[in-house]
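For reference, the chains in residue letters:
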Protein chains: 4
Amino acid sequence: MLAEIKGLNEECGIFGIWGHEEAAQVTYYGLHSLQHRGQEGAGIVVSDGETLKGHKGLGLVTEVFSDGQLQQLNGAAAIGHVRYATAGGGGYENVQPLLFRSQSGSIALAHNGNLVNAAELKLRLEQQGSIFQTTSDTEVFAHLIRRSMAPTLKEQIKVALNYLEGAFAFLLLTETEMYIALDPQGFRPLSIGRLGNAYVVASETCAFDVVGAVYEREVEPGELIIINKHGIYAERYAEKRPRSICSMEYIYFARPDSNVDGINVHTARKNLGKRLALEAPVDADVVTGVPDSSISVAIGYAEVTGIPYELGLIKNRYVGRTFIQPSQALREQGVKMKLSPVRGVVAGKRVVMVDDSIVRGTTSRRIVNMLREAGAKEVHVRISSPPITHPCFYGIDTPTKEELIASAHSVEEMRQMIGADSLAFLSHEGLLEAIGRSANGSLFRGQCMACFTGEYPTNTCSQLLEQTVKQ
Amino acid sequence: MLAEIKGLNEECGIFGIWGHEEAAQVTYYGLHSLQHRGQEGAGIVVSDGETLKGHKGLGLVTEVFSDGQLQQLNGAAAIGHVRYATAGGGGYENVQPLLFRSQSGSIALAHNGNLVNAAELKLRLEQQGSIFQTTSDTEVFAHLIRRSMAPTLKEQIKVALNYLEGAFAFLLLTETEMYIALDPQGFRPLSIGRLGNAYVVASETCAFDVVGAVYEREVEPGELIIINKHGIYAERYAEKRPRSICSMEYIYFARPDSNVDGINVHTARKNLGKRLALEAPVDADVVTGVPDSSISVAIGYAEVTGIPYELGLIKNRYVGRTFIQPSQALREQGVKMKLSPVRGVVAGKRVVMVDDSIVRGTTSRRIVNMLREAGAKEVHVRISSPPITHPCFYGIDTPTKEELIASAHSVEEMRQMIGADSLAFLSHEGLLEAIGRSANGSLFRGQCMACFTGEYPTNTCSQLLEQTVKQ
Amino acid sequence: MLAEIKGLNEECGIFGIWGHEEAAQVTYYGLHSLQHRGQEGAGIVVSDGETLKGHKGLGLVTEVFSDGQLQQLNGAAAIGHVRYATAGGGGYENVQPLLFRSQSGSIALAHNGNLVNAAELKLRLEQQGSIFQTTSDTEVFAHLIRRSMAPTLKEQIKVALNYLEGAFAFLLLTETEMYIALDPQGFRPLSIGRLGNAYVVASETCAFDVVGAVYEREVEPGELIIINKHGIYAERYAEKRPRSICSMEYIYFARPDSNVDGINVHTARKNLGKRLALEAPVDADVVTGVPDSSISVAIGYAEVTGIPYELGLIKNRYVGRTFIQPSQALREQGVKMKLSPVRGVVAGKRVVMVDDSIVRGTTSRRIVNMLREAGAKEVHVRISSPPITHPCFYGIDTPTKEELIASAHSVEEMRQMIGADSLAFLSHEGLLEAIGRSANGSLFRGQCMACFTGEYPTNTCSQLLEQTVKQ
Amino acid sequence: MLAEIKGLNEECGIFGIWGHEEAAQVTYYGLHSLQHRGQEGAGIVVSDGETLKGHKGLGLVTEVFSDGQLQQLNGAAAIGHVRYATAGGGGYENVQPLLFRSQSGSIALAHNGNLVNAAELKLRLEQQGSIFQTTSDTEVFAHLIRRSMAPTLKEQIKVALNYLEGAFAFLLLTETEMYIALDPQGFRPLSIGRLGNAYVVASETCAFDVVGAVYEREVEPGELIIINKHGIYAERYAEKRPRSICSMEYIYFARPDSNVDGINVHTARKNLGKRLALEAPVDADVVTGVPDSSISVAIGYAEVTGIPYELGLIKNRYVGRTFIQPSQALREQGVKMKLSPVRGVVAGKRVVMVDDSIVRGTTSRRIVNMLREAGAKEVHVRISSPPITHPCFYGIDTPTKEELIASAHSVEEMRQMIGADSLAFLSHEGLLEAIGRSANGSLFRGQCMACFTGEYPTNTCSQLLEQTVKQ
């Protein structure tokens with residue numbers, strides 16, 4: 001279950017708006033709807049046409065911004081960011097948007113993704129005298145822009161983008177322009193919409209619904225979009241390549257009410273559940289899903305199998321940064337933090353427990369145990385994705401290959417390790433077809449499947465994989 | 001929809017533990033699982049056998065307590081409270097447990113409920129020179145205890161309890177004893193369990209599951225339970241009367257994984273949905289429930305009708321005390337705060353929208369509108385309770401009779417007012433039978449139905465109703 | 001040196017205003033000028049004619065109030081309080097003004113002083129069922145008022161005042177009136193002034209200068225002053241007795257720019273120094289005073305003796321509640337917190353060190369050592385008050401008789417204990433005459449000299465003294 | 001009066017220690033004693049030999065550091081900084097020490113002074129692609145180090161120092177070394193001492209007294225001192241030039257108990273007062289000084305003239321960042337913020353008011369008015385420095401030449417403008433001789449007198465002056 005792995009449970013979210021009187025306010029609500037993508041920090045930078053002003057902080061959007069602070073961010077253009085918690089890179093400095101001021105103008109940057117070659121680029125820049133203020137790979141992009149000899153900012157940005165390898169969705173704000181860029185493979189979702197006369201851009205379309213905006217189109221892989229007082233312009237900085245959007249966006253990250261690359265996430269998940277029911281049916285009394293990502297899947301599974309869908313697991317909300325961890329003694333006494341089983345639902349029943357994935361296997365084992373202790377007679381685990389056998393280098397902080405339980409164990413071995421009565425994963429084909437990718441065409445048919453197949457859409461990753469393995 | 005009415009959406013929660021080394025820590029996790037019952041404030045008081053120490057504050061449990069503060073609350077007995085937001089009674093002073101110190105010993109009080117005759121008792125006490133520090137009715141109980149001439153604290157408490165009318169579940173902690181009391185009608189849920197050798201008590205059984213405790217039994221109406229170093233003793237301070245537990249605990253308040261008066265809430269709600277499907281079926285494409293209370297109901301409705309259950313409405317989480325309200329202009333542009341429709345699910349569909357109740361009707365109208373704007377072809381509203389025609393005086397902050405839409409309008413009038421294609425409520429019988437109350441026996445058959453029928457289980461309320469009407 | 005004894009270094013301060021549009025703002029500046037009298041907490045309560053509103057908190061006036069909070073305290077009448085730190089009575093609850101609400105109206109109370117019979121009164125009130133929320137003796141007064149059977153609030157207050165024994169200066173605010181009362185001996189200073197058409201009242205006249213008000217007169221011992229929309233009325237609740245204002249106000253507490261009972265404090269202190277020079281001259285190179293209270297004294301001593309006055313000791317400012325205490329190791333290495341010697345001024349010199357008092361003797365020894373380590377050849381200590389031989393029961397938190405060094409030791413013994421080359425105290429006569437009390441007349445000639453003589457102006461104290469001695 | 005001009009009233013302070021188990025704690029007390037040099041922000045960075053850790057924040061030292069935060073800063077080497085408030089450069093980012101991390105090691109920087117050519121250097125660095133995170137000139141130094149091609153850090157630092165022009169005292173900490181550098185003219189004070197086996201360095205010697213350290217010597221102009229595990233080494237990066245320490249350190253900035261360039265500040269100020277008495281005597285009743293800087297001066301003036309020294313003006317303490325400014329209406333009613341006159345001292349008297357300087361003249365006029373309103377018959381103003389006719393470019397944020405009252409007005413004109421009965425400044429010779437600079441020798445005889453004479457010790461300033469004038 002992705003949600004339980006530290007650093008795996010979230011991904012950043014970005015939001016931008018151009019041409020709206022209350023730009024910062026709209027961004028606040030937009031970021032709020034993207035809060036599930038990152039809960040460690042949040043920030044907004046606005047332009048009033050002459051200067052950039054920003055505010056950011058650690059915590060939830062509602063913790064970071066007070067009414068007064070939001071009022072001070074006046075201006076008709078804004079970009080915002082919600083940040084997810086990573087192991088090494090915490091701290092106020094890394095909260096985005098990053099704001100770089102210079103005597104020739106300012107740049108604010110909001111980034112969702114992961115640059116595969118960031119460390120290498122950073123080393124080279126430092127050797128040439130650059131000073132980094134953050135440990136974020138986002139800052140590398142800023143230095144590349146400033147180092148570029150190109151005559152205009154737009155050209156500098158294009159040069160800099162071509163240095164980057166990996167997954168990235170960038171919003172860049174200056175005093176007078178906004179730039180939007182997506183990596184050439186389109187790993188991350190990024191959509192454009194309209195709110196009256198204003199342009200909006202967001203990681204997920206749920207942000208459009210929340211602020212009352214209308215969806216227009218996806219940002220294309222390799223595209224650079226410029227918005228200024230003259231209008232909106234789309235250019236390319238890289239050739240078009242087949243999109244390889246992250247499969248996990250459908251399986252785990254995105255909100256069910258979002259459309260990702262044009263496909264509704266709830267519907268996609270329900271289809272995953274239906275397909276899973278066809279691929280791996282089981283005789284049981286109740287179907288339950290691990291909240292929140294597997295609710296839709298479980299509903300689909302129940303619909304096809306005819307087994308009643310029930311709330312067999314409840315998520316304890318309000319578990320944030322400030323939650324106090326239980327002592328070892330309390331943990332052993334059975335204090336539960338994130339999930340509780342519903343005894344009245346599962347006691348004496350044969351339970352199908354649907355989850356999104358198995359990473360190390362420890363969480364799955366814990367949930368199976370929990371259900372048995374609550375009286376479940378049998379526990380059948382159904383996973384709405386194929387086994388994860390390879391690490392991700394595009395922004396999902398998976399463990400090394402060795403730690404991935406599926407990289408070295410058969411399904412039957414895994415079943416025994418997590419203590420389930422039966423275990424089944426969705427097939428590669430099942431995943432793609434349920435989401436709606438046509439069977440013919442390119443290798444990836446629009447989605448990155450690297451964590452399931454080891455076939456990485458960019459070059460550097462094979463080397464990174466070797467380094468990981470050797471250590 | 002109860003959740004949308006200010007002050008209607010929550011109810012207090014209480015938790016206590018006796019005989020556990022980490023009493024405050026366990027209480028913290030217990031309160032955390034009761035957070036849905038009150039989000040305005042939280043507090044814990046512990047006894048180490050010699051003194052009482054407490055900490056409380058405004059905000060969520062995780063906001064009020066830091067690790068250091070919790071560490072300082074050492075002792076083997078503790079009571080805690082989460083408080084819901086009321087119109088008039090906000091502020092730090094009213095956050096519970098209330099702690100009263102005197103030269104003859106201290107008393108800490110945590111209370112869930114509402115005393116019908118609090119104002120009258122308070123006036124009499126003030127005329128005799130008592131000074132109140134809070135506007136909470138809980139303090140009245142403390143003054144009655146202190147004023148009592150009875151020779152022992154236990155007798156003083158019994159005398160005081162007999163002055164009270166209304167709904168109350170009290171936890172009272174002194175340096176050396178814990179007292180647990182429930183009102184003679186048993187309006188509020190209150191259960192007792194064991195955690196190893198320790199005794200636990202909580203508003204809902206979900207708290208037992210979260211801390212690893214085992215359920216033992218309900219506290220009985222009119223019962224006074226005493227725990228001290230000699231053991232646990234149950235006495236009665238009032239005669240046994242038929243229980244009239246609040247129907248809204250099943251319909252709205254309690255967590256689906258709790259058992260209330262022995263009945264699992266998720267199952268009860270699913271049964272409400274099944275019954276509703278039988279009483280008011282409709283030809284439609286999707287069933288959706290207003291989160292969180294109506295999810296289970298919608299699943300039941302879908303199961304019986306065969307219409308697919310879908311996530312048609314998404315709740316925006318993390319909307320707490322610190323959420324910044326949108327300006328009027330943004331509101332008109334369509335900024336949504338608590339609920340978003342899932343366009344991909346409802347567009348072009350005939351939608352059954354299941355909700356728990358209709359109070360003023362404004363929220364229902366807003367949700368119906370929202371669904372239509374997201375493309376729903378038809379919207380059929382199904383309510384999992386009968387029409388609310390009378391105010392509640394037992395702790396649910398309903399508006400006056402005049403403001404209750406169902407007190408003066410027919411179902412057809414209400415349908416037009418909220419703009420639905422059809423509207424149906426559950427019947428009185430349907431409600432009771434779905435929850436599992438046998439048809440024969442007392443008037444209320446174990447549940448308070450006053451808000452649906454106007455038949456109040458205590459005397460004073462008829463007078464209060466008249467006062468309300470006249471104003 | 002009074003400043004170094006925990007709890008001895010401060011005393012509360014009160015400020016009130018009636019009839020000014022910005023009452024809370026003026027009170028803020030008034031309290032700020034009284035900050036030297038109490039740095040643990042501060043609070044303001046205002047009346048807008050219909051309700052009382054208040055804000056209070058732990059810390060300095062500038063820490064407790066933000067601009068926004070002050071803006072919310074609208075109303076034309078206000079009372080405020082700065083609180084000093086005592087050993088047992090810390091905590092938010094005890095910060096004043098205390099605000100007592102009831103259905104018959106509210107009362108806010110600000111108090112400077114100490115009630116000698118508070119514990120006895122509190123016990124009796126609790127036995128009759130009263131509940132106390134604070135450990136402050138101020139609350140006793142509120143309960144006495146509420147318990148009184150007198151028909152009007154004014155009469156109730158008079159009855160309550162007659163129960164009290166000790167030192168007290170009270171400000172009491174209701175929705176429609178302000179009451180000002182001083183104890184029958186007038187232990188504490190309290191003055192009345194005018195600010196345009198508004199009335200102001202303050203513990204020290206420096207507050208009048210800071211807010212631009214004009215001094216009118218002292219509140220008389222035993223007087224009760226009422227201000228309401230009809231005007232200002234002075235009554236008596238007790239017979240006139242000879243005033244016995246606390247000597248320490250001149251010696252230590254008050255700001256040099258205040259007039260206390262009509263006498264300027266800086267001038268009084270300078271006169272103490274002049275008298276000390278006549279009573280105990282010495283051959284030396286420099287005169288230095290312990291800041292802040294002994295600066296004026298040292299200047300006077302220098303003027304008469306002709307020895308140059310120098311800054312030989314510097315006070316480290318900004319030492320507040322949040323100051324981190326040095327570890328024992330650092331303390332032994334010589335880390336200084338409150339005072340630093342000025343090496344360049346004292347090295348190689350014979351130094352006269354002027355201080356206000358000697359309590360336990362430990363601080364004096366530390367300062368003498370400090371000066372010697374900084375190179376002073378000789379250190380001659382001159383104290384601007386007689387030896388303190390008896391504890392105070394009127395608000396100055398002196399240690400027990402046994403801990404007072406002067407209660408059991410001769411001047412020569414004390415000289416040896418503090419390590420000075422010579423030591424001299426001011427005489428009783430010298431103290432009174434320097435301040436300007438005429439030699440004839442009553443025993444105390446207007447000042448309380450109890451800590452120097454053991455002759456307490458109220459009865460109960462002799463008994464308290466015995467209790468202290470016996471323990 | 002310097003204290004009243006925004007940005008003029010303070011200057012930064014730095015403190016460092018090498019080889020002490022509680023390095024951060026000692027730095028805390030050292031910074032606390034330097035708090036008068038900067039009250040906007042504070043920070044400490046420590047090295048434990050392997051990594052640098054830091055904490056910093058806006059506010060006073062006691063506000064920025066909690067006990068817990070200080071405990072986490074473990075390590076045997078530390079540097080710290082207190083920052084003064086400037087107009088443009090506020091904000092968290094600019095609080096020092098600045099910490100620059102890179103893959104080849106980290107650098108922390110604490111700086112007191114002002115680089116005259118910072119803007120020019122920054123522009124050049126930005127043109128070459130460097131990104132600045134702060135608006136502080138300190139960051140320029142870090143970039144110059146990183147850009148240097150020299151083989152060792154020491155050599156890189158020397159190269160970088162030679163680019164700088166202006167006033168600077170730097171502390172630089174790496175994981176394994178501390179560097180101390182003073183500009184070639186020695187504008188700012190910087191002293192070295194010993195605390196047991198540890199080395200300490202501080203802006204003022206009062207920090208040594210407070211932490212129990214022993215003064216060793218001044219850091220010399222143009223010197224670079226390196227401390228590491230092998231010992232302490234002094235080198236030169238620039239030729240020795242005659243020192244031109246800032247005159248204002250004696251007149252205004254430094255604490256009276258500090259020795260600046262070997263001269264005690266209190267003694268120097270008293271001598272300024274004595275010389276002023278000889279140069280500009282007057283027939284009067286009392287002498288009073290504007291606190292804190294002019295107290296010593298007034299004492300010296302009184303000693304020579306025989307006119308009694310009195311506390312005629314009182315400073316309101318605790319006026320910090322959080323102080324709420326009075327409304328215009330209250331200001332007009334006479335609410336005083338920083339200074340109060342002592343009516344009892346000045347009423348009916350001919351007053352000599354001693355101040356440190358006149359900048360714009362507005363503050364002097366206000367004080368003269370204040371004294372007259374308090375009843376002073378005559379007010380004679382005596383200034384302990386010559387007229388300020390030229391702006392400072394070395395760290396004192398003086399206004400432009402045009403705004404300096406003395407640049408365009410005669411003493412008689414100024415007297416009329418401030419409303420005094422007489423006005424006199426100290427002569428150039430008087431200033432130098434009173435402080436103890438021998439009459440022969442170089443132009444400046446050890447002190448920078450540029451603000452009085454316009455003769456700047458560095459080249460660039462004449463150009464800057466012209467720019468200022470033209471604008």
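Residues numbered from 1 in each chain as written. Chains lettered and ligands numbered in written order. Predicted model: local features only at pLDDT ≥ 70, side-chain atom pairs only at ≥ 80, totals over all residues. Heavy atoms only, no water.

For chain A, an unreviewed UniProt entry supplies the name Amidophosphoribosyltransferase and the organism Anoxybacteroides rupiense. Among the UniProt annotations of chain A, the heading Catalytic activity (unreviewed entry) holds the following wording: "5-phospho-beta-D-ribosylamine + L-glutamate + diphosphate = 5-phospho-alpha-D-ribose 1-diphosphate + L-glutamine + H2O". Reading the Function (unreviewed entry) entry of the UniProt record for chain A gives the comment "Catalyzes the formation of phosphoribosylamine from phosphoribosylpyrophosphate (PRPP) and glutamine." (UniProt positions renumbered as here; feature names shortened; annotations may be inferred.)

Undergrad: Could you give me a rundown of the overall build of chain A, with the residues and numbers involved?
TA: A count of helical and extended segments in chain A gives 18 helices and 23 strands. By the compact-globule yardstick of 23 Å for 471 residues, chain A fits well, its C-alpha radius of gyration being 23 Å. Each of the three principal axes of chain A carries a C-alpha extent, and together these read 70 × 45 × 45 Å. Scored against the burial criterion, the 471 residues of chain A give a buried share of 66%. Of the contacts made within chain A by residues no fewer than 6 positions apart, 68% connect residues no fewer than 24 positions apart. When the accessible area of chain A is evaluated, it comes to approximately 15800 Å², of which 49% is carbon and sulfur surface. Where the 45 positive side-chain charges of chain A centre and where its 52 negative ones centre are 2 Å apart. (Helix = DSSP H or I, 4+ residues; strand = E, 2+ residues; numbered from the N terminus. Rg over C-alpha atoms; globule rule 2.2 N^0.38 Å. Buried < 20%, exposed > 50% of the residue type's maximum accessible area, 1.4 Å probe, protein only. Contact = heavy atoms within 4.5 Å. Areas by Shrake-Rupley, 256 points an atom, 1.4 Å probe, with all protein chains shown as cover. Lys, Arg positive; Asp, Glu negative; His and termini not counted. Charge placed at Lys NZ, Arg CZ, Asp CG, Glu CD.)

Undergrad: Describe the pairing of strand S17 (residues 286–289) of chain B, listing the residues and the values that go with them.
TA: Residue and element names in this part refer to chain B. Alternating positions in S17 separate into two faces, Val286 and Thr288 on one and Val287 and Gly289 on the other, with burial throughout. Two elements, S17 and strand S20 (residues 350–355), share four bridges in a ladder whose sense is parallel. Each residue of the ladder has a partner; that of Val286, found in S20, is Val351. (Pairing = 2+ DSSP bridges.)

Undergrad: Give me the packing of helix H5 (residues 138–147) of chain C against helix H6 (residues 153–163) of chain C: which residues, what numbers.
TA: All names here are of chain C. Relative to each other, H5 and H6 sit at 130°, their axes nearing to 8 Å. Taken as axis vectors, H5 and H6 run oblique relative to one another. Seen from above, H5 lies across H6 with right-handed handedness. Contact residues: Phe141, Leu144 and Ile145 in H5; Leu153, Gln156, Ile157, Ala160, Leu161 and Tyr163 in H6. (Axes fitted to C-alpha atoms, helices over the stretch in contact; angles between N-to-C directions. Parallel < 35°, antiparallel > 145°, perpendicular 65-115°, else oblique. Left-handed = near helix turned anticlockwise from the far one by under 90°.)

Undergrad: Describe the UniProt feature "active site" (unreviewed entry) in chain A, naming the residues involved and giving the relevant values.
TA: Following the UniProt record, one finds the feature "active site" (unreviewed entry) at Cys12(A). One can find Cys12(A) in the segment before strand S1 (13–18).

Undergrad: Pulling in residues and values, what's your account of the interface of chain A and chain B?
TA: It is common to give the size of an interface as the accessible area that goes away when the parts come together. On the side of chain B, 59 residues touch chain A, which itself brings 59 residues to the contact. Across the chain A to chain B interface the summed buried area is about 4900 Å²; carbon plus sulfur atoms make up 57%. Where chain A meets chain B, there are four salt bridges. The closest approach of N and O atoms between Glu310(B) and Lys270(A), which form a salt bridge, is 2.4 Å. One can count 23 residue pairs in polar contact (both at pLDDT 80 or more) joining chain A with chain B. Looking at the side of chain A that touches chain B element by element, the count peaks at five residues for helix H1 (residues 23–33) of chain A. For the side of chain A that touches chain B, the residue count by class is 26 nonpolar, 21 polar and 12 charged. (Buried area = accessible area lost by both parts, 1.4 Å probe. Salt bridge = Lys/Arg side-chain N within 4 Å of Asp/Glu carboxyl O. Polar contact = N/O pair within 3.5 Å; in protein donor to acceptor, adjacent residues only side chain to side chain. Nonpolar A, V, L, I, M, F, W, Y, C, P; charged D, E, K, R; others polar.)

Undergrad: Describe the domain arrangement of chain A, naming the residues involved and giving the relevant values.
TA: Annotation of chain A at the domain level lists domain 1 (3–241) and domain 2 (264–470). Summarising the inter-unit geometry, the C-alpha centres of domain 1 of chain A and domain 2 of chain A are found 31 Å apart. (Domains from an automatic or database assignment.)

Undergrad: Run through the packing of aromatic side chains, naming residues and quoting values.
TA: Residues and elements named next belong to chain A. For the coordinates displayed, the defined rule picks out 34 aromatic pairs over all chains. Here the aromatic rings of Tyr28 and Tyr29 are separated by 5.1 Å at their centres, their planes lie at 90°, and the arrangement is edge-to-face. Just as Tyr28 is buried, Tyr29 falls in that class too. Three or more aromatic residues joined by ring pairs form one cluster here, namely Phe187, Phe393, Tyr394 and Tyr456. (Phe/Tyr/Trp six-rings, centres within 6.5 Å; stacked < 30°, edge-to-face > 60°.)

Undergrad: Any details on the arrangement of the chains? Residues and values, ideally.
TA: Over all C-alpha pairs, chain A and chain C never come within contact, reaching a minimum spacing of 11 Å. A minimum C-alpha distance of 11 Å separates chain B and chain D, which share no contact.

Undergrad: I'd like a rundown of the interface of chain D and chain C, residues and numbers included.
TA: Contacts between the two partners involve 59 residues from chain D and, on the opposite side, 59 residues from chain C. Both faces combined, the contact of chain D with chain C buries some 4800 Å², and carbon together with sulfur accounts for 57% of it. Joining chain D to chain C, the criterion identifies four salt bridges. Between Arg343(C) and Asp209(D) there is a salt bridge; the shortest N-O distance is 3.6 Å.

Undergrad: Describe the UniProt feature "binding site: Mg(2+)" (unreviewed entry) in chain A, naming the residues involved and giving the relevant values.
TA: All names here are of chain A. The positions UniProt marks with the feature "binding site: Mg(2+)" (unreviewed entry) are Ser293, Asp355 and Asp356. Their sequence span is 64 residues, while the largest C-alpha to C-alpha distance among them is just 7.8 Å; these annotated residues converge on one region. Residue position: Ser293 is located in the loop between strand S17 (286–289) and helix H10 (295–305). Looking at Ser293, the relative accessible area reads 7%, which means it is buried. Not counting residues up to four positions away in its chain, the partners in contact with Ser293 are Ile251, Tyr252, Arg269 and Asp356. Here Asp356 takes part through its side chain, which lies 2.6 Å from a polar atom of the side chain of Ser293. Within the fold, Asp356 resides in the loop between strand S20 (350–355) and helix H13 (362–373).

Undergrad: Describe helix H5 (residues 138–147) of chain A, listing the residues and the values that go with them.
TA: With 10 of 10 residues buried, H5(A) lies mostly within the body of the structure. Among the residues of H5(A), Thr138(A), Glu139(A), Val140(A), Phe141(A), Ala142(A), His143(A), Leu144(A), Ile145(A), Arg146(A) and Arg147(A) are the ones counted as buried. Buried-residue contacts for H5(A) involve strand S5 (98–100), strand S6 (107–115), helix H4 (118–127), helix H6 (153–163) and strand S7 (166–173) of chain A together with helix H5 (138–147) of chain D.

Undergrad: Any details on the relation of the copies chain A and chain B? Residues and values, ideally.
TA: When chain A is fitted onto chain B, the two copies agree to an RMSD of 0.1 Å after a turn of 180° and an axial shift of 0.0 Å. In symmetry terms, the pair is related by a two-fold rotation axis. Of the interface residues in chain A, 100% have counterparts in chain B that sit at the interface too, so the contact is made through matching surfaces. (Least-squares fit on C-alpha atoms with pLDDT ≥ 70 in both.)

Undergrad: I'd like a description of unusual backbone geometry, backed by residues and values.
TA: Note the cis peptide between Pro291(A) and Asp292(A), where omega equals -10°. Turning to its location among the elements, Asp292(A) is positioned in the loop between S17 and H10. At Asp261(B), a position not held by glycine, the phi torsion is positive, near 50°. A residue is classified by how much of its surface remains accessible, and Asp261(B), at 24% relative accessible area, is partly exposed.

Undergrad: Outline the sheet that holds strand S3 (residues 52–58) of chain C, supporting the account with residue identities and numerical values.
TA: Residue and element names in this part refer to chain C. The strand order across the open sheet formed by seven strands is S3-S2-S4-S1-S10-S9-S11, and the pairing between neighbours is antiparallel. Strands at the two margins of the open sheet, each flanked by one partner only, are S3 and strand S11 (214–218). Strand-to-strand twist of the sheet, defined as the mean angle between neighbouring strand axes without regard to direction, takes the value 15°. Sheet topology places strand S9 (residues 191–195) next to S11; four bridges connect them, and they run antiparallel. Bridge assignment links Gly193 to a residue of S11, and that residue is Tyr215. Sheet strands in contact with helix H1 (residues 23–33) are strand S1 (13–18), strand S2 (41–47), strand S4 (77–83) and S9, and its direction is about 25° off that of S4.

Undergrad: How would you explain the relation of the copies chain D and chain C if you had to name every residue and give the values?
TA: Here chain D sits on chain C after a turn of 180° about the axis and a move of 0.0 Å along it, with an RMSD of 0.1 Å. The fraction of interface residues of chain D whose copies in chain C are also interface residues reaches 100%, indicating that both copies meet through the same surface.

Undergrad: Could you give me a rundown of the confidence of the model for chain A, with the residues and numbers involved?
TA: For chain A, the average pLDDT comes to 90, and 92% of its residues sit at 70 or higher. As a predicted assembly, this complex carries a pTM of 0.84 together with an ipTM value of 0.86. (pLDDT = per-residue confidence, 0-100.)

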